[in-house]
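Commentary on secondary and tertiary structure
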Amino acid sequence: WLPDAMEGPTPVSSLIHAAAMVKAGMYLIIRLYPLFEMSAITLQVILIIGTITVLFSALMAVFADDFKQILAFSTISQLGYMTVALGVLGAVPALLHVINHAFFKALLFLGAGSVIHSVGSGDIRKMGGVLKYQKITGITMLIATISIAGIPGFSGFVSKDEILLQVYQNGNMVSFYVLLLTSLLTAFYMFRLFFMVFTGEKRSDYHGHESPKSMTYPLIVLSFFAIFSGRLKYPVADLLNFTDFPYHYNVVVYSSIGVAVMGVIAAAIIYYKKWFDLEKISGYIIPVKKFFKNRYYFDDLVELLCRYAVMANSKIFIFIEKYIFDGIVNGIAYLSRVFSRGLFYFDKHVVDGVVNGVAVVAKSSAKVADIIDIYVFDGVIKSIEYITIRKGELSAYINTGKLQHYLVWAISGIILIILIIGGIL
């Protein structure tokens, strides 16, 4: 992600790359190093990751054309140096390189901001001849470039030499030779950057000018530390000894110096003196450059793997949805249909049958009740009514209001009673 984080202002990039953000992991490992030392497998993993990182990022920096992107790949490569040191019990050299890198990389990024401020573009192919307009920026950038390239007398050489010595003494020759190759590449791509930007003639129409003091003064301060911060390795008494800088010269140091010088010479031949015409082999360089500019197609590989992973997961989820979730839903729907049909049958042939039966019984009962009501209750009532009427009529016939009639009925009644008692009737 680091090369893609270059869209921000260069002071922010300087802070991120030089000190604050990308070094946090290194600082954490250094603070917890007694724990890491207890696991040889962990240290081996750290060493392998650092060895791969230091070389792969340096190769990408060789073919990059954006000013800040080159420095970003350089940061990743320098982090690889620190990681390799941590993998071979070199916490002190790693910490020293963390400090030294903070100064010369901050100087490089602020210098890049000064150049881009002057030229108006971050593409080094559109620059050239900037040193004519920006003397302070050019000189301080040269100091930072020499320091990161590992030239003796500058801070970058001291910590890089200590890392190489630690790896060599630890017996990891593969990592040692990878670091030597990376030292050559670092010197090459950094001086390629310097020569393409500050030397030669302008390759685009820009009006160069030196940056204001607010931008150049920090460059001057940082250039001092890019030279002398390596002395933090030595006692305070040695810090004042500028004539006898106590380097530990041996085959490792000579190898480091040799490959750095080779990288500087190669960059000078191709990009300063231009004795070697790259146009003649451009047909071979373009595919290689495309390969490294696309970062080994690693992002495409990750995207491809993620796509296949997503597709595979999608198929699994489709299977689960189709045969499990949909199966459950369809099963529930089928059971619901069967249950509803059962309810319909029960309602039609049981509930409706009972209701209809009750209705028939109720209807029959109503008819019986109607017959009883008409022929029984009404008959009794009408009979009582008839008898009552007839009795009334008879009473009305008998009760005429005439005394002689009452006497006749009374005598008749007495005679009737006597006859009954006498047994005649």
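Nothing here was measured: the structure is a model prediction, and the numbers come from that model.

1. As for the overall build of the chain
When its secondary structure is counted, the chain shows 15 helices and zero strands. In terms of overall dimensions, the chain is more spread out than a globule: its C-alpha atoms have a radius of gyration of 56 Å, far above the 22 Å expected for 425 residues. Reported as C-alpha extents along the three principal axes, the dimensions of the chain are approximately 185 × 55 × 50 Å. When each of the 425 residues of the chain is scored for burial, the buried share is 38%. Summarising the internal contacts of the chain: among those between residues at least 6 apart in sequence, 78% fall at separations of at least 24. Accessible area of the chain: about 24500 Å², with a carbon and sulfur share of 71%. Each charge class in the chain can be summarised by its mean position, and for the 34 positive and 27 negative side chains these summaries are 4 Å apart.

2. Focus: the layout of surface pockets
Put simply, the second largest pocket is a space of about 650 Å³. Every residue lining the second largest pocket is counted, 20 residues in all, and those nearest its centre are W1, P3, T53, M60 and I76. For the lining of the second largest pocket, the elements supplying multiple residues, two or more each, are α4 (40–62), α5 (67–87) and α14 (298–398).

3. Some words on the nonpolar core
Core analysis: the largest hydrophobic core is formed by 87 residues, its most contacted members being F67, L86 and V197. Looking at which element gives the most residues to this core, the answer is helix α9 (residues 173–198), with 16 residues. When near neighbours in sequence (up to four residues on either side) are disregarded, F67 contacts A112, V115, G122, I124, M127, M141, L193 and V197. Counting residues in hydrophobic clusters, the runner-up holds five residues, among them L96, F157, V158 and V253.

4. Notes on the pattern of salt bridges
All told, the structure shown has six salt bridges when counted by the stated rule. For D65, the salt bridge identified is with K293, shortest N-O distance 3.7 Å. Note that D65 is positioned in the loop between α4 and α5 and K293 in helix α13 (residues 282–293), a separation of 228 residues in sequence. The buried category is assigned to D65, whose relative accessible area is 4%.

5. Here's the deal with helix α6 (residues 91–119)
In this model α6 runs 41 Å from its N-terminal to its C-terminal C-alpha over 29 residues, within 8% of the 42 Å that 1.5 Å per residue would give. Where α6 bends most, the angle comes to about 25°, and this point is H101. Note on α6: the residue one or two positions beyond its end, G120, has a positive phi of about 90°.

6. A word on the environment of L59
Counting through the fold element by element, L59 comes out in helix α4. Classification of L59 by relative accessible area gives partly exposed; the value is 22%. Placed 15 residues apart in sequence, L59 and S74 show a C-alpha to C-alpha distance of 9.6 Å. In this structure, L59 is in contact with L185, F292 and Y296, ignoring residues within four places of it in sequence.

7. Focus on unusual backbone geometry
If you check the backbone angles, L89 has positive phi at about 65° while not being a glycine. Relative to the assigned elements, L89 resides in the loop between α5 and α6. Here K274, not a glycine, exhibits a phi torsion of approximately 60°, which is positive. For K274, the location among the structural elements is in the loop between α12 (251–272) and α13. A relative accessible area of 56% places K274 in the exposed class.

8. Some thoughts on the environment of S159
By the secondary structure assignment, S159 is in helix α8 (residues 155–170). Of the residues examined, S159 reaches a relative accessible area of 0% and is grouped as buried. The spacing of S159 and I99 is 60 residues in sequence and 9.1 Å in space, taken between C-alpha atoms. Among residues more than four places away in sequence, those in contact with S159 are P93, L96, H97 and N100.

9. Details of the side chain of S114
With respect to the secondary-structure elements, S114 resides in helix α6. Side-chain polar atoms of S114 contact the side chain of S211, separated by 2.5 Å. Excluding its chain neighbours within four sequence positions, the residues that come into contact with S114 are Q134, T137, E210, S211, M215 and L219.

10. A few points about the side chain of S175
Counting through the fold element by element, S175 comes out in helix α9. Classification of S175 by relative accessible area gives buried; the value is 6%. With residues near it in sequence (within four places) discarded, S175 still touches L47, T51 and V167.

Parameters at a glance
Residues numbered from 1 in each chain as written. Predicted model: local features only at pLDDT ≥ 70, side-chain atom pairs only at ≥ 80, totals over all residues. Heavy atoms only, no water. Helix = DSSP H or I, 4+ residues; strand = E, 2+ residues; numbered from the N terminus. Rg over C-alpha atoms; globule rule 2.2 N^0.38 Å. Buried < 20%, exposed > 50% of the residue type's maximum accessible area, 1.4 Å probe, protein only. Contact = heavy atoms within 4.5 Å. Areas by Shrake-Rupley, 256 points an atom, 1.4 Å probe, with all protein chains shown as cover. Lys, Arg positive; Asp, Glu negative; His and termini not counted. Charge placed at Lys NZ, Arg CZ, Asp CG, Glu CD. 1 Å grid on protein atoms, 1.4 Å probe; cavity = no way out; pocket = protein on both sides within 12 Å on 5 of 7 lines; lining within 4 Å. Points joined across faces, edges and corners; volume = space filled by probe spheres on them. Core = buried A, V, L, I, M, F, W, Y, C linked by side-chain atoms within 4.5 Å. Salt bridge = Lys/Arg side-chain N within 4 Å of Asp/Glu carboxyl O. Expected span 1.5 Å × (residues − 1). Bend = angle between axes of the 7 residues up to and from the residue. Polar contact = N/O pair within 3.5 Å; in protein donor to acceptor, adjacent residues only side chain to side chain.

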